[in-house]
Each structure stands twice: as structure tokens, then as C-alpha cells.
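Chains, contacts and geometry: an overview
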Amino acid sequence: MNNSGINHYLNAAKRSMKWHQENIANMKKKKFDTIAVHGIYSMQESLDYNQGSIIEPMYMSTSQAYRDSDEMEAALGYEIPTWCYSRIANPSMYYLEGVLALLEGYGADIETSCCATSSGMAAIASAADQFLVVDQKNPDKPMNFVATSQVYGGTFQQFAIRKDQEKNIEWRKVNNSNDIDEWAKLIDENTRFLYGEMPSNPGQAFFDLEKVAELAHSHGLPMIVDGTVATPALMRPLTLGADIVIQSVSKTITSSGFGIGGAVIARKNLTSNIDNDAMKADFGMYIKLLPNRDNGPNISPFNAMMALNDVRTIRSKVDQFSQSTLKIAEYLEHHKHIEQVDYLGLKSHPLHELAKKYLVLVDSETDPRYNKKVNRFGHLMSFRVKGGGQAARDVFDGFNMIWRATDLGRIKSVATIPAISTHSQQGEEGRKLADIPASLIRLCVGGEHPDDIIADIERGLSTLDGKIYPATSPEFSAGGASSATLRR
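Residues numbered from 1 in each chain as written. Predicted model: local features only at pLDDT ≥ 70, side-chain atom pairs only at ≥ 80, totals over all residues. Heavy atoms only, no water.

Points about the packing of aromatic side chains
For the record, the criterion: Stacked, tilted and edge-to-face are the three classes assigned to paired rings of Phe, Tyr and Trp, where Trp is represented by its six-membered ring and a pair needs centres within 6.5 Å; plane angles under 30 degrees give stacked, over 60 edge-to-face, the rest tilted. Secondary structure elements follow DSSP: runs of H or I no shorter than four residues count as helices, runs of E no shorter than two count as strands, and numbering proceeds from the N terminus. The classification of residues rests on relative accessible area computed with a 1.4 Å probe and restricted to protein chains. Under 20% of the type maximum is buried, over 50% is exposed, and intermediate values are partly exposed.
Under the counting rule described, the total for this entry stands at 15 aromatic pairs. Judged by centre distance (6.2 Å) and plane angle (55°), the ring pair of Phe-131 and Phe-193 falls under tilted. Of this pair, Phe-131 sits in the loop between α6 (120-128) and β2 (144-148) while Phe-193 sits in strand β4 (residues 191-197), and the two are 62 residues apart along the sequence. For Phe-131, a relative accessible area of 0% gives the class buried.

What follows is the structure, given as C-alpha cells:
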């Protein structure tokens, strides 16, 4: 070991850390849109390390080379900046993680860090599993966690099957998430964390986050929030008392639909009853360099860059999508074939006033179009068709422009029937708990003009009046390929 050689790199790393901290501190002073556009990628870094590239380059290499054995030793000991191997870290991941950490902490004097993962489900597992560890002093001590029952179908499966059924870690379900007493009565000395999805997918469940976070902290527990539907453009849970926020980066953040990813963004020095000081001090960096290093769920460079390029315009997109969604929800609310519309933006929704407290378009007070804080409620909604499951299928099959898929958060409008798709595996009982009937259609509104989306919904609804739309198909593609039907 060459101490003087290693110290050469350690001293340079300290100077570099100071430079980057100052750069990030300066960026934190900017407005939300500026942070989303630039993130932590500076002009100086571009000139010094990236050939002057204005857009962050994508580093597809699996590993990093070092100048000598001293630099390698310091790097692999995590003593100097390194990306060493892309399963753990990579410059492209770093740029995405940096901007997400800044956006989720925007508007509050808190320090945040981020670990980007291969999917939203990987993000949930990466966050939850750190608190579901065996107590070495009492290895037979039971564990439980308290979480809302109205969650995405994949989350339901991870909690109900992978945690509760397979590992005997009890999921204590909160059915009415806006009832603080229901949360409180489920917590005991064996509880490890509280978890909620808000607004929920697809039912739009919502709760008073500040109160629930305060309850969690009073028991020494972390509050984890899945904020995928809202995005940091409308709500930043870390600034409202939460310890960790989950993002399915695959969704609205990557609205183009080109990439799959997730993210765990955490405030530093979070609350937990787990005896692990390093984890609590910097949760995002801890899971990135240790558990996720060993388990391997981190994001790929390609998907990181797809997300990074989409997140730059997230505020303006969410603003537009939200306004269109409200117009569509208001149209459906009084339609003769609609039993119920679930959208927090509707004044008739029982949680509308509570949602107004939390769902605010970031920086709308400095937007010249508004000059005041305005509420926006996102672009996910659902509606229940009169006549039950078959009627919902008939309407769904009648769409011509709205894409039938399990996806959401796209620039193109997408619809699904959760009972037969995203939430099918949790069974009838699980869907009943989450209030997801067979008649419910989930719609995620895209960037099309709302009048055209309404026209396509009306096309589907008109099938309930006996309207028939024959399917047609061209015999040649627009590119010139002929259909197999033309074979003689």
C-alpha cells in the first residue's frame, strides 16, 4: 500500500467534492424548471470531461479504468468518486439521480439523495427491505409494516405475496387512508415503517400526509410515499414530512415511453428504529453502494438517459395534462352511461379539499400565466361504467385513438381495465379492499387535445347505445409492405 499515492487521490477528491457541492448549492437556488433542465450537469464538467457536449453523454461502458493501483484501491473502498462498475453506479445514472434528488427536495431546506433503480417495483423493494431486517439481538421477533390497501397491483403483490406470505412479514392494511386513527391502531413495537401511495392508482385514494408522517415519527418510524402519480411537479413528499419517496420513473417522468426505471429519493438523517447509522444518515447513497451493489437492481445507463431527457419538461407537461384531465372528468361526471368518476380535481370528490392542500403546480405563483398558486391534480383518473364488467369491456373495445394497454404516464393517452390487467392477480378480495370493480376503466390522459380524447371516449360509450364500428385494416402498410391476407 502506498499511503502517499493514495493520499494524492484522496486530497483531490476532497477538493472535487467541495467544487461539486458548491455547484449543487448554486443550482438549488434556481427555479424548478431550471433545475429540471440542467440538473447537476455543469458547463465546466462538459468542457473538462465530456468534449463540450451540451447534453449529458450516455456512458454505455460496463466499467471504469484507473490510472494506477492507488487510485483503484481508493475507488473500490468508496473513498473517492468512482463509478467502477455499472451495476453499482455510472455517470449517466449519476446525472439522473442528481436531478431527481434536487427536484424532490425543491422548496425546502433539506438534503436529499437518490438511488435510481431498474423499475418502480425495484425501487419499492430497495426502500422497504432495508427496514425489514432481522433484529440480531432478538432474531425471532416478528415484523410488520403498515401500508394502504389502495396501491398499484404490483405493489399489492410484492407486499401480500413476497413479504407477507413468503417471508411472514405482516402487511397491516389501511383501508381508509384518510382516517388517522386507522393508521394509529395498526402500529405496535414490531412495526418497521409506514407506506402510502398518493394519489393511488387507479382509485385516487389520498390522505393527510403531514399528519401521517407526524404519527410515524412519533413512533420512531420512517414514512415512505409512492408519489408516482403526482410527480414532483405537483407534490414533493420529502418537503411535507416524508422520509422516502418512490418514483416509478417509467411513468410520467419518462412520458415518451422509451425507458423503464424507478427511483428511491430520501431525506438525509431519516427516522428509523433500525440500528444502522449509515443507512439513516444517507439512505440513497447507502442502498446504492451496499445492498443494491449486492442485489443488482439499479438502472441501466440507457434507461437513465431516456428518463433524464424527458424530466426536463415535466412541469409544463403535467400542467397541460392535468388541465385536459379535468375537462374530461367534468364531461364524464354527468354522462348517462357513467356511474362514478374518480378524479381528485372534481369538486364533487370527497377528498377534493384535502387534495387542494397538497397538489399544487410548482412555481405557478411565478408563472406569468397564473401569478398565483394553482391546483393541478395529475393526469390519471378512472371512471365506472353503468352495466358492470361487460359494459366496461364494450366501451373499452370501442376506443379508436386511446391506446388499450397497461401503461400510464405517456404523452399518448392510454386506458386499461385494472380488474383484468394491472390488479388481476390480487384476486377479488384484494380488489374489493382497494375498491376496484370490474366496471372501472383507468384512463391516463396524454398530450392530445382534450376534445379529441372526449370524442374517442364518446365513441366507446356509444357502443352501449348499440352503435357498431366495424374494424378496418389497410392491405398495404404506409411503408409499402403487403398484408398476409393478400396471399393468393
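Considering the sheet that holds strand β9 (residues 380-385)
Cut-off, in case you're wondering: Note on pairing: DSSP must find at least two bridges between two strands before they are called paired. Any two residues whose heavy atoms approach within 4.5 Å are treated as being in contact. As a rule, the C-alpha atoms of each element are fitted with a line to give its axis, helices using only the stretch in contact, and angles between N-to-C directions run from 0 to 180 degrees.
If you walk across this open sheet you meet the five strands as β8-β9-β12-β11-β10, and the pairing is mixed. At either end of the open sheet lies a strand with only one pairing partner, and these are β8 (338-342) and β10 (403-404). Lying over the sheet, helix α14 (residues 314-333) contacts β8, β9 and β12 (440-444), oriented at roughly 15° with respect to β9.

Thoughts on the pairing of β12
Side-chain positions along a regular strand alternate between the two faces of the sheet. Where burial is concerned, most of β12 is hidden: five out of the five residues are buried. With burial as the criterion, each face of β12 is covered, one bearing Leu-440, Arg-442 and Cys-444 and the other bearing Ile-441 and Leu-443. Relative to β12, β9 runs antiparallel, the two being bridged by five bridges. Along β12, the bridge assignment pairs Leu-380 with Cys-444. Sheet analysis places strand β11 (residues 414-416) next to β12, joined by three bridges and oriented antiparallel.

Quick word on empty space enclosed by the protein
Where we set the bar: Every definition here rests on a 1 Å grid over the protein atoms only: cavities are sets of points where a 1.4 Å probe fits but cannot get out, pockets are open sets enclosed by protein on both sides within 12 Å along at least five of seven lines, and lining residues have some atom within 4 Å of a point. Grid points are joined across faces, edges and corners, and a volume is the space filled by probe spheres set on the points. Three classes are used: nonpolar for Ala, Val, Leu, Ile, Met, Phe, Trp, Tyr, Cys and Pro, charged for Asp, Glu, Lys and Arg, and polar for all others, with Gly counted as polar.
Per the stated rule, a full pass over the model turns up one cavity of 30 Å³ or more. The residue inventory of the lining of the largest cavity, partitioned by class, reads four nonpolar, three polar and no charged.

Overview of the sheet that holds β2
Spatially, β1-β7-β6-β5-β4-β2-β3 is the arrangement adopted by the seven strands of the open sheet, whose pairing is mixed. Edge strands, defined here as strands with exactly one partner in the open sheet, are β1 (112-117) and β3 (170-174). Strand-to-strand twist of the sheet, defined as the mean angle between neighbouring strand axes without regard to direction, takes the value 20°. Relative to strand β7 (residues 262-267), β1 is paired through six bridges, and the arrangement is antiparallel. Residue pairing in the sheet places Cys-115 in a bridge with Val-264 of β7. Taken strand by strand, helix α5 (residues 91-104) contacts β1, β6 (244-247) and β7, and its axis lies near 130° from that of β1.

Description of helix α18 (residues 450-461)
The following threshold applies: For a helix, the expected span equals 1.5 Å multiplied by the residue count minus one. An arc is given here, and it is the one of the directions from the helix axis to the C-beta atoms.
Under the 1.5 Å per step criterion, the end-to-end length of α18 is 16 Å for twelve residues, consistent within 8% with the ideal 16 Å. Along α18, the residues that are buried comprise Pro-450, Ile-453, Ile-454, Asp-456, Ile-457, Gly-460 and Leu-461. Mapping the buried residues of α18 onto a view down its axis gives an arc of 160°, with all of them on the same face. Of the surrounding secondary structure, the elements contacted by the buried residues of α18 are α14, β8, α16 (389-397) and β12.

Considerations on the nonpolar core
Quick reminder of the rule: As used here, the term nonpolar core means buried Ala, Val, Leu, Ile, Met, Phe, Trp, Tyr and Cys residues forming a set that is joined through side-chain atoms within 4.5 Å.
Formed by 90 residues in total, the largest nonpolar core has its most connected members in Leu-100, Phe-206, Met-223 and Phe-383. The element best represented in this core is α5, accounting for eight residues. Sequence-distant contacts of Leu-100, defined by excluding residues within four places in its chain, comprise Cys-114, Val-249, Ile-253, Ala-263, Ile-265 and Val-311. Residues Ile-161, Tyr-195, Ile-244 and Met-279 belong to the second largest nonpolar core, which totals 30 residues.

Thoughts on α14
Turn by turn, an α-helix covers 3.6 residues, leaving residues three or four places apart pointing in a common direction. Along its 20 residues, α14 runs 28 Å from first to last C-alpha, staying within 8% of the 28 Å computed at 1.5 Å per residue. Buried within α14 we find Ile-314, Arg-315, Lys-317, Val-318, Asp-319, Phe-321, Ser-322, Ser-324, Thr-325, Ile-328, Ala-329 and Leu-332. Contact partners of the buried residues in α14: α2 (32-38), α13 (301-311), β8, β9, β12 and α18.

Observations regarding the packing of α14 against α18
Here is the rule: We call a crossing left-handed when the near helix sits turned anticlockwise from the far one by less than a right angle, and right-handed when that turn is clockwise.
One way to put it is that α14 packs onto α18 with a least axis distance of 9 Å and a crossing angle of 35°. Both α14 and α18 take part in a crossing whose hand is right-handed. On the side of α14, the interface is formed by Ser-324, Lys-327, Ile-328, Tyr-331 and Leu-332, while α18 contributes Pro-450, Asp-451, Ile-453, Ile-454, Ile-457, Glu-458 and Leu-461. Taken together, the residues that form the contact of α14 with α18 break down as eight nonpolar, one polar and three charged.

Remarks on the pairing of β6
Of the two faces of β6, both are covered, the one formed by Ile-244 and Ile-246 as well as the one formed by Val-245 and Gln-247. When β6 meets β7, the two strands line up antiparallel, connected through four bridges. In the strand pairing of β7, Val-245 is matched with Ile-265.

Digging into the packing of α5 against α13
Under the convention used in this document: Throughout, the term roughly parallel applies to angles under 35 degrees, roughly antiparallel to angles over 145, roughly perpendicular to angles from 65 to 115, and oblique to all others.
The contact between α5 and α13 brings their axes to 8 Å, and the two run at 40°. In terms of axis orientation, α5 runs oblique to α13. The two elements α5 and α13 cross, and the hand of that crossing is left-handed. Counting all contacts with α5, which are made through Ser-92, Met-93, Tyr-95, Leu-96, Val-99, Leu-100 and Leu-103, the residues of α13 involved are Pro-301, Ala-304, Met-305, Ala-307, Leu-308 and Val-311. Of the residues in the contact of α5 with α13, the class split is twelve nonpolar, one polar and no charged.

Comments concerning the environment of Phe-207
Considering the arrangement of structural elements, one finds Phe-207 in the loop between β4 and α9 (209-218). Here Phe-207 falls in the buried class, since its relative accessible area comes to 0%. With 178 residues separating them along the chain, Phe-207 and Val-385 place their C-alpha atoms 26 Å apart.

Some details on the side chain of Asp-310
As a reminder, the rule being used: Counting rule for charge: Lys and Arg are taken as positive, Asp and Glu as negative, and neither His nor the chain ends is counted. Each salt bridge in this description consists of a side-chain nitrogen of Lys or Arg and a carboxyl oxygen of Asp or Glu lying within 4 Å of one another. Distance and chemistry together define a polar contact, namely a pair of N or O atoms within 3.5 Å, with one atom able to donate a hydrogen and the other to accept it when in protein, and with adjacent residues in sequence counting only for side-chain atoms on both sides.
With respect to the helices, strands and loops of the structure, Asp-310 is situated in helix α13. Although buried, Asp-310 forms no salt bridge, and the nearest oppositely charged side chain, Lys-317, lies 4.7 Å from it. In this structure the side chain of Asp-310 is engaged in a polar contact, spanning 2.7 Å, whose partner is the side chain of Ser-256. When neighbours within four sequence positions are excluded, Asp-310 is seen to be in contact with Ile-253, Thr-254, Ser-255, Ser-256, Gly-257 and Lys-317.

Honestly, that's just the spatial picture; any functional story needs more than this.
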